[in-house]
Every structure is written in C-alpha cells, then in structure tokens.
Amino acid sequence: MDFLDRDRIFMAEALREAKNGRDRDEVPVGAVIVHDGAVIAAAHNLRETRQDPTAHAEMLAICAAADRLGTWRLCGCTLYVTLEPCVMCMGAIILARIPRLVYGCRDPRAGAVGSIYNLTEDNRFNHRVEVTEGVLGEICGGILSEFFFFLRSRKKTAT
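A brief report on the enclosed structure follows. This one's a predicted model, so the numbers in the text were calculated from it and none came from an experiment.

**Notes on the packing of aromatic side chains**
Line of reasoning, step 1. Per the stated rule, a full pass over the model turns up two aromatic pairs.
Line of reasoning, step 2. Residues Phe10 and Tyr80 carry aromatic rings whose centres are separated by 5.4 Å and whose planes lie at 45 degrees to one another, so their mutual orientation is tilted. Of this pair, Phe10 sits in helix α1 (residues 3-22) while Tyr80 is found in strand β3 (residues 77-83), placing the two residues 70 residues apart along the sequence. The exposure classification of Phe10 matches that of Tyr80, with both residues buried.
Line of reasoning, step 3. Taking the centre distance of 5.3 Å and the plane angle of 80 degrees together, the rings of Phe147 and Phe148 count as edge-to-face.

What follows is the structure in structure tokens.
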C-alpha cells in the first residue's frame, strides 16, 4: 500500500469524525492522529457543545494523542484533518512536533497552511511540518458546504 492509499484510508476516518460532529450540530471537522500505522486519537469539533473556542478537532486530537503516548512530543505521528488548520491549531501542531500533516480542503477564511498564512514555511520556527493537501478534498469540502447550506436554510425558515 502506498502513501496515497494510506492517506485516503485515514482521511476517511477523519471524515467519520467530521460526520459525528455534524450530527451534534458542530461544524463538521474531523481529525485523527496516526502513530506506527494505527489511529491513536480521533476527535471532531466540540466548540458549540463545550462553549470552548479552543475545542477544535485538531486540538482535541493532539491532547488525546499526548495522553495516549505519555508525551507532548508527537514525533512519528501524522495528523489527518478534513479542513486546513487555523493559526491556533497550526501552532499546536508545530509545538507538538508533529512531523506530517495531511488535510482535505482549504479554509479560505482561517487557513494557516497557505490560504491566509503559511506557518509551515516560516523558517523562524524550530520545527518543520511536511504537508500533503487535498486528500479526499472534494468530499471534505462537500460536507462543510452542505452543513452551512443547511444552517442558512434553517435560519431563513426561522424568520
């Protein structure tokens, strides 16, 4: 199995997490962290549920992976996330020393891996993250578009 096949398998896991979030009326973003070929952490957004602005899928997955491995240094891990990480999440990825990031679709409003900022190419950081973009990107973008379309239509019928 090559990298692309593996990436698609694990992105499908992140998409399952995104759908779990959608089913809880959360913005459907899902993340999984893989170590030694196995998922060690999985999460979806919980900002609305927890009323916590930091409860992004990536942040929750990073905390769970650190607990699982017993270290904040997540060397040897790959983070799969359905949406391009924001500045907060990209900062956490860098600080956690995650060597590889795979994401589905770009976030033109908050993305920090090329859309608005590109923290992965800032040489002032002492850690580099290898990035693979666009894995199952159309599906990842589609679930977000459907969610926001549903929210807008629900607001229109409420007024």
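**Remarks on the pattern of salt bridges**
Oppositely charged side chains can form a pair if their charged atoms are brought close together.
Line of reasoning, step 1. Following the criterion strictly, the structure yields seven salt bridges and no others.
Line of reasoning, step 2. We note a salt bridge from Asp7 to Arg100, for which the minimum N-O separation is 2.7 Å. You can see Asp7 sitting in helix α1 and its partner Arg100 sitting in strand β4 (residues 100-105), a full 93 residues away along the chain.
Line of reasoning, step 3. A salt bridge links Arg22 to Asp23, with the nearest nitrogen and oxygen atoms 3.3 Å apart.
Line of reasoning, step 4. A residue is classified by how much of its surface remains accessible, and Asp23, at 57% relative accessible area, is exposed.
Line of reasoning, step 5. Residues participating in the shared-partner salt-bridge network are Asp7, Arg100 and Glu130.

**A short note on helix α3 (residues 57-69)**
Line of reasoning, step 1. End to end, α3 covers 18 Å across 13 residues, agreeing with the expected 18 Å (1.5 Å per residue, within 8%).
Line of reasoning, step 2. Taken together, the buried positions of α3 are Ala57, Glu58, Met59, Leu60, Ala61, Ile62, Ala65 and Ala66.
Line of reasoning, step 3. Positive backbone phi, at 75 degrees, marks Gly70, one or two positions downstream of α3.

Reading guide: rules and limits
Residues numbered from 1 in each chain as written. Predicted model: local features only at pLDDT ≥ 70, side-chain atom pairs only at ≥ 80, totals over all residues. Heavy atoms only, no water. Phe/Tyr/Trp six-rings, centres within 6.5 Å; stacked < 30°, edge-to-face > 60°. Helix = DSSP H or I, 4+ residues; strand = E, 2+ residues; numbered from the N terminus. Buried < 20%, exposed > 50% of the residue type's maximum accessible area, 1.4 Å probe, protein only. Salt bridge = Lys/Arg side-chain N within 4 Å of Asp/Glu carboxyl O. Expected span 1.5 Å × (residues − 1).

Limitation: the analysis is restricted to geometry and does not speak to function.
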